[in-house]
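# Structural characterization, general
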Amino acid sequence: MKKAYMNIVSHEKIARNIYEMTLQGELVSLMNHPGQFVHIRVGDSLDPILRRPISIAKINKEEQTFTIVYRAEGKGTLLLSQKKIGDLVDVLGPLGNGFSINTVPTGEKALIVGGGIGVPPLLELSKQLNAVGIETIHVLGFQSKEDVFYEQQFLSLGDTYIATVDGSYGTEGFVTNVLNDNPFSFHTVFSCGPTVMLKVIEEKYSTNYPVFLSLEERMGCGIGACFACVCHRKDDPTGFTYRKVCTDGPVFPAGEVLI
Ligand code: FES
(Lines give C-alpha, C1' and ligand atoms only; values in the text may rest on other atoms or scores of the structure.)
Protein backbone atom coordinates (compact mmCIF):
# COMPACT_ATOMS: atom_id res chain seq x y z
CA MET A 1 0.00 0.00 0.00
CA LYS A 2 1.23 3.49 -0.89
CA LYS A 3 -0.15 7.00 -1.18
CA ALA A 4 0.25 8.95 -4.38
CA TYR A 5 -1.23 11.77 -6.39
CA MET A 6 -2.65 10.35 -9.58
CA ASN A 7 -3.71 12.11 -12.74
CA ILE A 8 -7.30 11.85 -14.00
CA VAL A 9 -7.17 10.74 -17.64
CA SER A 10 -10.90 10.20 -18.12
CA HIS A 11 -14.01 10.90 -16.09
CA GLU A 12 -17.56 10.44 -17.31
CA LYS A 13 -21.09 9.65 -16.22
CA ILE A 14 -22.00 6.13 -17.38
CA ALA A 15 -25.44 5.61 -15.78
CA ARG A 16 -27.83 7.42 -13.43
CA ASN A 17 -25.60 9.02 -10.73
CA ILE A 18 -22.81 6.59 -11.67
CA TYR A 19 -19.39 7.91 -12.72
CA GLU A 20 -16.35 6.16 -14.14
CA MET A 21 -12.94 7.70 -13.46
CA THR A 22 -9.59 6.50 -14.80
CA LEU A 23 -6.40 7.54 -13.03
CA GLN A 24 -2.80 7.22 -14.13
CA GLY A 25 0.35 6.81 -12.08
CA GLU A 26 3.02 4.48 -10.71
CA LEU A 27 0.75 3.19 -7.95
CA VAL A 28 -0.84 0.93 -10.57
CA SER A 29 2.29 -1.26 -10.40
CA LEU A 30 1.07 -2.42 -6.95
CA MET A 31 -2.44 -3.30 -8.13
CA ASN A 32 -2.75 -6.99 -8.90
CA HIS A 33 -5.77 -8.58 -7.25
CA PRO A 34 -9.37 -8.06 -8.37
CA GLY A 35 -11.60 -7.03 -5.47
CA GLN A 36 -9.05 -4.75 -3.83
CA PHE A 37 -9.95 -1.12 -3.31
CA VAL A 38 -8.40 2.32 -2.98
CA HIS A 39 -9.02 5.03 -0.42
CA ILE A 40 -9.52 8.31 -2.21
CA ARG A 41 -9.49 11.86 -0.91
CA VAL A 42 -12.59 13.12 -2.63
CA GLY A 43 -12.22 16.85 -1.98
CA ASP A 44 -9.36 19.32 -1.72
CA SER A 45 -9.75 19.83 2.03
CA LEU A 46 -7.39 18.07 4.46
CA ASP A 47 -10.38 16.67 6.34
CA PRO A 48 -9.64 12.93 6.54
CA ILE A 49 -13.34 12.20 6.56
CA LEU A 50 -13.28 13.20 2.93
CA ARG A 51 -11.69 9.91 1.89
CA ARG A 52 -13.85 7.20 0.44
CA PRO A 53 -13.12 3.51 -0.12
CA ILE A 54 -13.86 2.69 -3.77
CA SER A 55 -13.24 -0.63 -5.46
CA ILE A 56 -10.95 -1.08 -8.43
CA ALA A 57 -12.91 -1.85 -11.62
CA LYS A 58 -10.10 -2.12 -14.19
CA ILE A 59 -6.31 -2.32 -14.08
CA ASN A 60 -4.21 -1.52 -17.13
CA LYS A 61 -0.52 -2.12 -16.39
CA GLU A 62 0.75 -1.05 -19.83
CA GLU A 63 -0.89 2.35 -19.60
CA GLN A 64 -0.31 2.59 -15.83
CA THR A 65 -4.00 3.31 -15.32
CA PHE A 66 -6.77 1.98 -13.14
CA THR A 67 -10.48 2.71 -13.17
CA ILE A 68 -13.00 3.24 -10.43
CA VAL A 69 -16.78 3.44 -10.67
CA TYR A 70 -18.74 5.22 -7.96
CA ARG A 71 -22.22 6.47 -7.21
CA ALA A 72 -22.37 10.25 -6.61
CA GLU A 73 -24.93 10.60 -3.84
CA GLY A 74 -23.30 12.03 -0.70
CA LYS A 75 -21.15 15.07 0.01
CA GLY A 76 -17.88 13.27 -0.71
CA THR A 77 -18.74 11.50 -3.91
CA LEU A 78 -20.52 14.60 -5.26
CA LEU A 79 -17.24 16.48 -4.72
CA LEU A 80 -15.39 13.72 -6.55
CA SER A 81 -17.81 13.91 -9.48
CA GLN A 82 -16.80 17.55 -10.04
CA LYS A 83 -13.16 16.70 -10.74
CA LYS A 84 -11.87 17.20 -14.28
CA ILE A 85 -9.44 15.45 -16.60
CA GLY A 86 -5.92 16.58 -15.64
CA ASP A 87 -6.79 17.08 -11.95
CA LEU A 88 -4.70 15.21 -9.42
CA VAL A 89 -6.34 12.86 -6.92
CA ASP A 90 -4.81 11.69 -3.65
CA VAL A 91 -5.03 7.88 -3.73
CA LEU A 92 -4.09 5.42 -0.96
CA GLY A 93 -3.93 1.80 -1.98
CA PRO A 94 -4.31 -0.86 -3.05
CA LEU A 95 -6.11 -1.99 0.13
CA GLY A 96 -7.78 -5.16 1.36
CA ASN A 97 -7.68 -8.75 0.20
CA GLY A 98 -9.35 -9.35 -3.11
CA PHE A 99 -10.68 -12.38 -4.98
CA SER A 100 -8.27 -15.23 -5.54
CA ILE A 101 -8.55 -16.49 -9.11
CA ASN A 102 -6.48 -19.58 -8.27
CA THR A 103 -9.45 -21.21 -6.57
CA VAL A 104 -11.00 -22.15 -9.93
CA PRO A 105 -9.29 -25.02 -11.80
CA THR A 106 -8.31 -24.17 -15.39
CA GLY A 107 -11.00 -25.20 -17.84
CA GLU A 108 -13.79 -24.77 -15.27
CA LYS A 109 -16.44 -22.06 -15.27
CA ALA A 110 -17.08 -19.32 -12.73
CA LEU A 111 -20.45 -17.79 -11.94
CA ILE A 112 -20.13 -14.06 -11.22
CA VAL A 113 -23.09 -12.34 -9.55
CA GLY A 114 -23.16 -8.59 -9.00
CA GLY A 115 -25.65 -6.03 -7.77
CA GLY A 116 -25.61 -2.26 -8.36
CA ILE A 117 -22.43 -0.53 -7.28
CA GLY A 118 -21.03 -3.98 -6.38
CA VAL A 119 -20.67 -4.74 -10.08
CA PRO A 120 -17.42 -2.83 -10.91
CA PRO A 121 -14.80 -5.01 -9.13
CA LEU A 122 -16.29 -8.06 -10.84
CA LEU A 123 -15.19 -6.74 -14.23
CA GLU A 124 -11.47 -6.96 -13.38
CA LEU A 125 -12.16 -10.34 -11.75
CA SER A 126 -13.78 -11.66 -14.93
CA LYS A 127 -10.97 -10.28 -17.07
CA GLN A 128 -8.33 -12.03 -14.95
CA LEU A 129 -10.27 -15.32 -14.86
CA ASN A 130 -10.66 -15.31 -18.65
CA ALA A 131 -6.95 -14.55 -19.03
CA VAL A 132 -6.12 -17.87 -17.32
CA GLY A 133 -8.63 -19.91 -19.32
CA ILE A 134 -11.64 -19.82 -16.99
CA GLU A 135 -15.00 -19.13 -18.63
CA THR A 136 -17.28 -16.73 -16.83
CA ILE A 137 -21.06 -16.36 -16.64
CA HIS A 138 -22.25 -12.95 -15.41
CA VAL A 139 -25.56 -12.19 -13.71
CA LEU A 140 -25.93 -8.51 -12.87
CA GLY A 141 -28.79 -6.79 -11.07
CA PHE A 142 -29.82 -3.12 -11.15
CA GLN A 143 -32.83 -1.09 -10.06
CA SER A 144 -33.81 0.13 -13.51
CA LYS A 145 -32.62 0.46 -17.13
CA GLU A 146 -31.07 3.88 -16.35
CA ASP A 147 -28.84 2.26 -13.73
CA VAL A 148 -27.33 -0.43 -15.97
CA PHE A 149 -23.63 -0.07 -16.84
CA TYR A 150 -20.75 -2.23 -18.15
CA GLU A 151 -23.08 -4.66 -19.96
CA GLN A 152 -20.95 -4.61 -23.13
CA GLN A 153 -17.70 -5.09 -21.20
CA PHE A 154 -19.08 -8.17 -19.45
CA LEU A 155 -20.56 -9.49 -22.71
CA SER A 156 -17.10 -9.32 -24.28
CA LEU A 157 -15.90 -11.72 -21.56
CA GLY A 158 -18.77 -14.23 -21.39
CA ASP A 159 -22.51 -14.84 -21.23
CA THR A 160 -24.16 -11.94 -19.45
CA TYR A 161 -27.66 -11.66 -17.98
CA ILE A 162 -29.18 -8.45 -16.64
CA ALA A 163 -32.05 -8.17 -14.16
CA THR A 164 -33.81 -4.93 -13.25
CA VAL A 165 -36.13 -4.62 -10.29
CA ASP A 166 -38.72 -2.65 -12.27
CA GLY A 167 -38.43 -4.86 -15.36
CA SER A 168 -37.42 -1.94 -17.61
CA TYR A 169 -34.46 -3.94 -18.97
CA GLY A 170 -33.53 -7.63 -19.03
CA THR A 171 -35.26 -10.00 -16.64
CA GLU A 172 -37.79 -8.41 -14.28
CA GLY A 173 -36.83 -8.83 -10.64
CA PHE A 174 -33.58 -9.75 -8.96
CA VAL A 175 -30.47 -11.71 -9.87
CA THR A 176 -32.14 -14.68 -8.19
CA ASN A 177 -34.87 -14.63 -10.85
CA VAL A 178 -32.17 -15.15 -13.51
CA LEU A 179 -30.39 -17.78 -11.40
CA ASN A 180 -33.61 -19.71 -10.76
CA ASP A 181 -34.63 -19.62 -14.43
CA ASN A 182 -31.31 -20.79 -15.88
CA PRO A 183 -29.62 -24.09 -15.03
CA PHE A 184 -26.05 -22.77 -15.23
CA SER A 185 -23.19 -25.16 -14.73
CA PHE A 186 -20.08 -23.83 -12.97
CA HIS A 187 -17.39 -24.63 -10.40
CA THR A 188 -17.11 -21.51 -8.21
CA VAL A 189 -19.29 -18.50 -7.37
CA PHE A 190 -18.01 -14.94 -6.89
CA SER A 191 -20.33 -12.17 -5.78
CA CYS A 192 -20.35 -8.52 -4.78
CA GLY A 193 -23.34 -6.34 -4.05
CA PRO A 194 -25.96 -5.51 -1.41
CA THR A 195 -25.82 -7.57 1.78
CA VAL A 196 -29.27 -9.04 1.18
CA MET A 197 -28.12 -10.37 -2.20
CA LEU A 198 -24.93 -11.85 -0.72
CA LYS A 199 -26.98 -13.67 1.93
CA VAL A 200 -29.16 -15.23 -0.74
CA ILE A 201 -26.12 -16.29 -2.78
CA GLU A 202 -24.50 -17.82 0.30
CA GLU A 203 -27.65 -19.77 1.20
CA LYS A 204 -28.25 -20.94 -2.35
CA TYR A 205 -24.76 -22.12 -3.29
CA SER A 206 -22.35 -22.53 -0.38
CA THR A 207 -23.37 -26.11 0.42
CA ASN A 208 -22.36 -27.38 -3.00
CA TYR A 209 -19.85 -24.88 -4.41
CA PRO A 210 -16.91 -22.73 -3.33
CA VAL A 211 -18.40 -19.25 -2.86
CA PHE A 212 -16.51 -15.98 -2.36
CA LEU A 213 -18.34 -12.85 -1.28
CA SER A 214 -17.12 -9.27 -1.31
CA LEU A 215 -18.65 -7.34 1.57
CA GLU A 216 -17.53 -3.93 0.41
CA GLU A 217 -20.91 -2.34 1.18
CA ARG A 218 -20.03 -2.75 4.84
CA MET A 219 -17.01 -0.40 4.76
CA GLY A 220 -16.56 3.00 6.38
CA CYS A 221 -13.06 4.45 6.76
CA GLY A 222 -11.45 1.68 4.71
CA ILE A 223 -8.22 1.57 6.73
CA GLY A 224 -9.02 -0.28 9.94
CA ALA A 225 -9.67 2.79 12.10
CA CYS A 226 -13.42 3.16 12.58
CA PHE A 227 -14.71 -0.37 13.32
CA ALA A 228 -17.76 0.34 11.13
CA CYS A 229 -16.99 -2.74 9.09
CA VAL A 230 -16.66 -5.33 11.85
CA CYS A 231 -18.27 -8.73 11.20
CA HIS A 232 -18.56 -11.60 13.64
CA ARG A 233 -17.00 -14.91 12.74
CA LYS A 234 -19.43 -17.73 12.13
CA ASP A 235 -17.21 -20.23 13.93
CA ASP A 236 -17.14 -18.24 17.18
CA PRO A 237 -20.30 -18.87 19.20
CA THR A 238 -19.14 -16.39 21.86
CA GLY A 239 -19.24 -13.56 19.33
CA PHE A 240 -16.07 -12.07 20.84
CA THR A 241 -13.82 -12.44 17.82
CA TYR A 242 -14.42 -10.55 14.64
CA ARG A 243 -13.08 -9.73 11.22
CA LYS A 244 -12.72 -6.31 9.69
CA VAL A 245 -14.08 -6.05 6.16
CA CYS A 246 -11.55 -3.39 5.17
CA THR A 247 -8.38 -5.15 6.28
CA ASP A 248 -9.31 -8.87 6.54
CA GLY A 249 -11.64 -8.65 3.50
CA PRO A 250 -13.49 -7.27 1.68
CA VAL A 251 -13.58 -10.75 0.11
CA PHE A 252 -14.39 -13.70 2.40
CA PRO A 253 -15.16 -17.33 1.66
CA ALA A 254 -18.83 -18.06 2.37
CA GLY A 255 -19.29 -19.20 5.94
CA GLU A 256 -16.35 -17.31 7.44
CA VAL A 257 -18.29 -14.30 8.71
CA LEU A 258 -21.91 -13.61 9.60
CA ILE A 259 -23.39 -11.40 6.92
FE1 FES B 1 -13.21 1.48 9.23
FE2 FES B 1 -12.95 -1.07 8.51
S3 FES B 1 -13.98 0.49 7.47
S4 FES B 1 -12.32 -0.14 10.37
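One structure accompanies this document, and this report is about it. Keep in mind the model is a prediction, meaning the values are calculated, not measured.

It is worth spelling out the sheet that holds strand β8 (residues 135-142) at this point. Read across the sheet, seven strands follow the order β10-β9-β8-β7-β11-β12-β15 without closing on themselves; strand pairing throughout is mixed. At either end of the open sheet lies a strand with only one pairing partner, and these are β10 (171-172) and β15 (251-253). Two elements, strand β9 (residues 158-164) and β10, share two bridges in a ladder whose sense is parallel. Following the sheet pairing, T164 is matched in β10 by E172. The sheet strands contacting helix α2 (residues 120-131) are β7 (109-115), β8 and β11 (188-192), and the helix crosses β7 at an angle near 170°. Helix α5 (residues 195-205) rests against β7, β11 and β12 (211-214) of the sheet, and its axis sits at about 170° to β11.

Opposite charge on two side chains permits them to pair, given that their charged atoms come into close proximity. Under the defined criterion, the tally for this structure stands at 12 salt bridges. Across the pair K3 and D90 runs a salt bridge whose closest N-O atoms are separated by 3.4 Å. Taken together, the residues K3 in strand β1 (residues 2-15) and D90 in strand β6 (residues 88-95) connect sequence positions 87 residues apart. Since its relative accessible area comes to 48%, K3 is described here as partly exposed. Classification of D90 as buried rests on a relative accessible area of 4%. The partner of E202 in a salt bridge is K234, and the shortest N-O contact between them spans 3.4 Å. Of this pair, E202 sits in helix α5 while K234 sits in the loop between β13 (230-232) and β14 (242-244), and the two are 32 residues apart along the sequence. Several salt bridges share partner residues, and in doing so they unite K3, R41, R51 and D90 into one network.

Cut-off values and rules
Residues numbered from 1 in each chain as written. Predicted model: local features only at pLDDT ≥ 70, side-chain atom pairs only at ≥ 80, totals over all residues. Heavy atoms only, no water. Pairing = 2+ DSSP bridges. Helix = DSSP H or I, 4+ residues; strand = E, 2+ residues; numbered from the N terminus. Contact = heavy atoms within 4.5 Å. Axes fitted to C-alpha atoms, helices over the stretch in contact; angles between N-to-C directions. Salt bridge = Lys/Arg side-chain N within 4 Å of Asp/Glu carboxyl O. Buried < 20%, exposed > 50% of the residue type's maximum accessible area, 1.4 Å probe, protein only.

From the geometry alone we can't say anything about function, so treat these as descriptive.
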